[in-house]
Amino acid sequence: MTLREALRNKKRSTQEMNHQANAWQVYGEETLVLFYVNWEFNSAHLDKLLDYLSLVDKLVVALPVGTSDDTIFRIANLQVVDGIVLYKDMAECMNDFSSAKFAFEGTDAPSVDAESKARILAI
């Protein structure tokens, strides 16, 4: 697999990423889906990624549909990011993940069921 293919493989649908997160869980690795409304490349956001990665084994960044390809490519190039998903509705995206934990940056958590609420981390 070339580097280009590896970077493209980081971006997946929520269903595909859920399957990947479940596969990671089989090996004892926890996944965190980190929701952003507006990603900016600055030291604060990059530092926050490291903070979240210290709590889990795999980090998936969730971005709103319509995020520029440039931004997605730059995030895919970050070594600490294991996957990228795009979402239209945060609550719907959360429901697609059966075992991952969740965190939110730049927004509050949406109204979700008690099971999903229990999987929300906050730093």
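Just so it is clear, the model here is predicted, and its values are computed rather than measured.

1. Some remarks on the pairing of strand β3 (residues 83–87)
Of all five residues in β3, four are buried; the element is thus mostly enclosed. Across five bridges, strand β2 (residues 58–64) lies against β3 in parallel orientation. Note on β3: the bridge partner recorded for Val60 is Gly83. In this region the chain leaves β2, passes through helix α4 (residues 69–76) and returns to the parallel neighbour β3; the handedness of that crossover is right-handed.

2. Focus: the packing of aromatic side chains
Scanning the entire structure with this criterion turns up six aromatic pairs. An angle of 15 degrees between the planes, with centres 5.1 Å apart, marks the rings of Phe35 and Phe104 as stacked. With Phe35 in strand β1 (residues 31–36) and Phe104 in strand β4 (residues 101–105), the pair connects residues that are 69 residues apart, well separated along the chain. Judged by relative accessible area, which is 0%, Phe35 ranks as buried.

Here is what the cut-offs are and how they apply
Residues numbered from 1 in each chain as written. Predicted model: local features only at pLDDT ≥ 70, side-chain atom pairs only at ≥ 80, totals over all residues. Heavy atoms only, no water. Buried < 20%, exposed > 50% of the residue type's maximum accessible area, 1.4 Å probe, protein only. Helix = DSSP H or I, 4+ residues; strand = E, 2+ residues; numbered from the N terminus. Pairing = 2+ DSSP bridges. Right-handed = clockwise from strand over helix to strand, strands pointing away. Phe/Tyr/Trp six-rings, centres within 6.5 Å; stacked < 30°, edge-to-face > 60°.

Just distances and angles here, no functional claims.
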